[in-house]
Amino acid sequence: MVTTKEPTATGMASRTAIILVLFVAAFTAALAIVYTLTKPAIDASAAEEKMRTINEVLPGNLYDNDLLTDTLTLPPTAELGQDDESTVYRARLKGEPSTLVLEAVAPDGYAGKIRMLLAIRANGEVAGVRVTLHKETPGLGDYIEPKKDKNKTHPWITQFDGLSLEKVPTPGDWKVRKDGGRFDSVAGATVTPRAVVKAVYKAVKFATDNRERLFAAQRAKE
Amino acid sequence: MLITLAEIKQISLNGVWKQNSSLVQILGMCPLLAITTTLVNGVMLSFATLLVMAFSNFFVACLRNLIPYEIRIPVFILVAAAVVTVIDLGMNAYMHDLYNILGIFIPLIITNCLVLGRIEAFAAKNSPLGAGLDGTMMGVGMIWTLGLLGGIREFIGAGTVLGGIELVIPGTSALQILPADYPGFLVAILPPGAFICLGCLVAWKNWVEARAAQRAALPPPAPLAAGGCH
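Every value quoted in this text rests on a predicted model; they were computed, and no experiment measured them.

### Examining the packing of helix H3 (residues 39–63) of chain B against helix H7 (residues 128–158) of chain B
Residues and elements named next belong to chain B.
Then step 1. Following both chains from N to C, one finds H3 and H7 inclined at 165°, their axes separated by 7 Å at the closest point. Between H3 and H7, the crossing angle belongs to the class labelled roughly antiparallel. Between H3 and H7 the crossing geometry is right-handed.
Then step 2. Among the residues making up the contact of H3 with H7, the classes are represented as 16 nonpolar, eleven polar and two charged.

This is the structure in structure tokens:
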């Protein structure tokens, strides 16, 4: 004989709780599987992206070592604008120090921090600068990114290429033209390039002063 | 449980026009404001949302008879969040460049009220096929609206159209519509510009519908009365 029983509160609660737990377990398992399946591809894309950014600042003929393993972790460094640890990639050619690739931050952008990657050769010359992350106004301050720069032949950020403290010794020259320096800027958006120029100058100075030490230091353990 | 042609038509019309998520339901304003600075961004984020809605609607409709009424909302969110995470991981793995642009807004799709709204209002009561179609069509409605909004803002703000297309289809480039020395119009790019543009689009949609209703109400076209308004 079938009896229909009025469900008790505890019965209802445990039933729904069990169903919810089953759903959670099933979907967590599904996500774990997808995560495991996509992880190799995600890691590969991240490494490839990192190398692509590095290759934009660092010409391929300047190194023959594996950059992603020959790294150094710097403590928070005021000269690079870093309040946190940052990574230095050390490019070597036939075992000889060739170029330092540094991560620097311009803290005083128009909309917060501007993160950059700089390659500075052993002779102190800038091999390249790229902005890796910024929140500058789209269409106004974002010309610091070559992709967004309307000048495709000589993007703004390439003005630094080939410069060194030896070639441009006066600190006053490391400023935008509006402030009496040698760097161009687009009218109406001076705060952004001003921050970038200042940060690049500080990073170049840091790399020039600490070149020997950075190349000689033990590589970071990963 | 298949779906009739009349239902397909009804669901599509609702998603794309009548119940358009941005113009009628006014849902998902946060991504709308932040992402529609260009046509490409607007379309790509809407496309990701379309995938989320189509799949989560479909799964919820499949499971709808297993979900106790009392805990339906947590389960709905669980399903939608799982779909968002799968799409997030998938895009990160196989469409890395696009993932970098849309960035934070992909995980945030889960907070779009539209996703949960369609699950609760439609998927929980309908067949899987119909629910999947409803999610897709809501997404199509979002694609054209956010695409148009992004296009208008990009054109007014920067004088270009299809900026950033090279990140989606390599080898193409943006169209420079206005002269290259166009100074740009900042308000259009910033969030207030999105509100102003959206307001104009809503007004335009209401105008189109009011005109259609007026025509339907007056079967023999009366040229003199057409210009009047009440």
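So that's the structure; there's more coming.
### Digging into the pattern of salt bridges
Residues and elements named next belong to chain A.
Then step 1. Throughout the structure, instances matching the rule amount to 14 salt bridges over all chains.
Then step 2. Lysine 198 is the partner of aspartate 108 in a salt bridge, and the nearest nitrogen-oxygen pair spans 2.9 Å. Remark: lysine 198 occurs in helix H2 (residues 191–216) and aspartate 108 occurs in strand E3 (residues 96–109); sequence separation between them is 90 residues.
Then step 3. Note on lysine 198: relative accessible area 44%, which makes it partly exposed.
Then step 4. Between glutamate 125 and lysine 167 there is a salt bridge, and its shortest N-O distance comes to 3.2 Å. Taken together, the positions of glutamate 125 in the loop between strand E4 (112–121) and strand E5 (126–133) and lysine 167 in the loop between E5 and H2 put the pair 42 residues apart, joining distant regions of the chain.

### Details of the interface of chain A and chain B
Then step 1. Listed per partner, the contact involves 23 residues of chain A and 27 residues of chain B.
Then step 2. Of the roughly 2100 Å² buried between chain A and chain B on both sides combined, carbon and sulfur atoms contribute 77%.
Then step 3. Inspection of the chain A/chain B interface yields zero salt bridges.
Then step 4. Across the contact surface, chain A and chain B share two residue pairs in polar contact (both at pLDDT 80 or more).
Then step 5. The class makeup of the residues in the side of chain A that touches chain B is 15 nonpolar, four polar and four charged.

### Observations regarding the layout of surface pockets
Then step 1. In this model, the second largest pocket occupies a volume close to 190 Å³.
Then step 2. In terms of lining, the second largest pocket is formed by Phe27, Ala30, Leu31 and Val34 of chain A together with Phe55, Phe59, Val79, Ala82, Val83, Val86 and Ile87 of chain B.
Then step 3. Broken down by element, the lining of the second largest pocket gets its largest block of residues, five residues, from helix H4 (residues 72–94) of chain B.
Then step 4. Along the lines of polarity and charge, the residues of the lining of the second largest pocket split into eleven nonpolar, no polar and no charged.

### Quick word on the packing of aromatic side chains
All names here are of chain A.
Then step 1. For the structure on display, the rule yields ten aromatic pairs over all chains.
Then step 2. For the ring pair tryptophan 156 and phenylalanine 160, a centre distance of 5.8 Å and an interplane angle of 90° mean the geometry is edge-to-face. In this structure, tryptophan 156 and phenylalanine 160 share a single accessibility class: buried.
Then step 3. Measuring from centroid to centroid gives 4.9 Å for phenylalanine 160 and phenylalanine 183, while their planes differ by 35°, and the two rings are tilted. Highlighted residues: phenylalanine 160 in the loop between E5 and H2 and phenylalanine 183 in the loop between E5 and H2, separated in sequence by 23 residues.
Then step 4. Here phenylalanine 160 falls in the buried class, since its relative accessible area comes to 1%.
Then step 5. Ring-pair connections join several aromatic residues into one group, and the members of that group are Tyr143, Trp156, Phe160, Trp174, Phe183 and Tyr201.
Then step 6. For the cation-ring pair, arginine 182 lies above phenylalanine 183, with the distance from its terminal atom to the ring centre recorded as 6.0 Å.

### Looking at the pairing of E3 of chain A
Across a regular strand the side chains alternate sides, sitting on one face of the sheet and then on the other.
Residue and element names in this part refer to chain A.
Then step 1. Pairing of strand E2 (residues 86–93) with E3, which is carried by six bridges, proceeds in the antiparallel orientation. Bridge pairing links tyrosine 89 to valine 101 in E3.
Then step 2. Between E2 and E3, which pair antiparallel one after the other, the connecting turn spans two residues, and lysine 94 there sits at a positive phi close to 50°.
Then step 3. Sheet topology note: the E3/E4 ladder contains nine bridges and is antiparallel. Bridging from a neighbouring strand, leucine 100 pairs with isoleucine 120 of E4.

### A look at the sheet that holds E2 of chain A
All names here are of chain A.
Then step 1. Spatially, the five strands line up as an open sheet ordered E1-E2-E3-E4-E5, and their pairing is antiparallel. Single-partner strands in this sheet number two, and they are strand E1 (71–74) and E5. On average, adjacent strands in this sheet sit at an angle of 25° to one another, irrespective of strand direction.
Then step 2. Along the sheet, H2 makes contact with E1, E2, E3, E4 and E5, crossing E3 at roughly 145°.

### Comments concerning empty space enclosed by the protein
Then step 1. By the definition in use, this model includes one cavity of 30 Å³ or more.
Then step 2. Within this model, the largest cavity holds a volume of roughly 30 Å³.
Then step 3. Of the residues that constitute the lining of the largest cavity, the class distribution is five nonpolar, four polar and no charged.

Cut-off values and rules
- Residues numbered from 1 in each chain as written.
- Chains lettered and ligands numbered in written order.
- Predicted model: local features only at pLDDT ≥ 70, side-chain atom pairs only at ≥ 80, totals over all residues.
- Heavy atoms only, no water.
- Axes fitted to C-alpha atoms, helices over the stretch in contact; angles between N-to-C directions.
- Helix = DSSP H or I, 4+ residues; strand = E, 2+ residues; numbered from the N terminus.
- Parallel < 35°, antiparallel > 145°, perpendicular 65-115°, else oblique.
- Left-handed = near helix turned anticlockwise from the far one by under 90°.
- Nonpolar A, V, L, I, M, F, W, Y, C, P; charged D, E, K, R; others polar.
- Salt bridge = Lys/Arg side-chain N within 4 Å of Asp/Glu carboxyl O.
- Buried < 20%, exposed > 50% of the residue type's maximum accessible area, 1.4 Å probe, protein only.
- Contact = heavy atoms within 4.5 Å.
- Buried area = accessible area lost by both parts, 1.4 Å probe.
- Polar contact = N/O pair within 3.5 Å; in protein donor to acceptor, adjacent residues only side chain to side chain.
- 1 Å grid on protein atoms, 1.4 Å probe; cavity = no way out; pocket = protein on both sides within 12 Å on 5 of 7 lines; lining within 4 Å.
- Points joined across faces, edges and corners; volume = space filled by probe spheres on them.
- Phe/Tyr/Trp six-rings, centres within 6.5 Å; stacked < 30°, edge-to-face > 60°.
- Lys NZ or Arg CZ within 6 Å of the ring centre and 35° of its normal.
- Pairing = 2+ DSSP bridges.

By themselves these figures say nothing about function.
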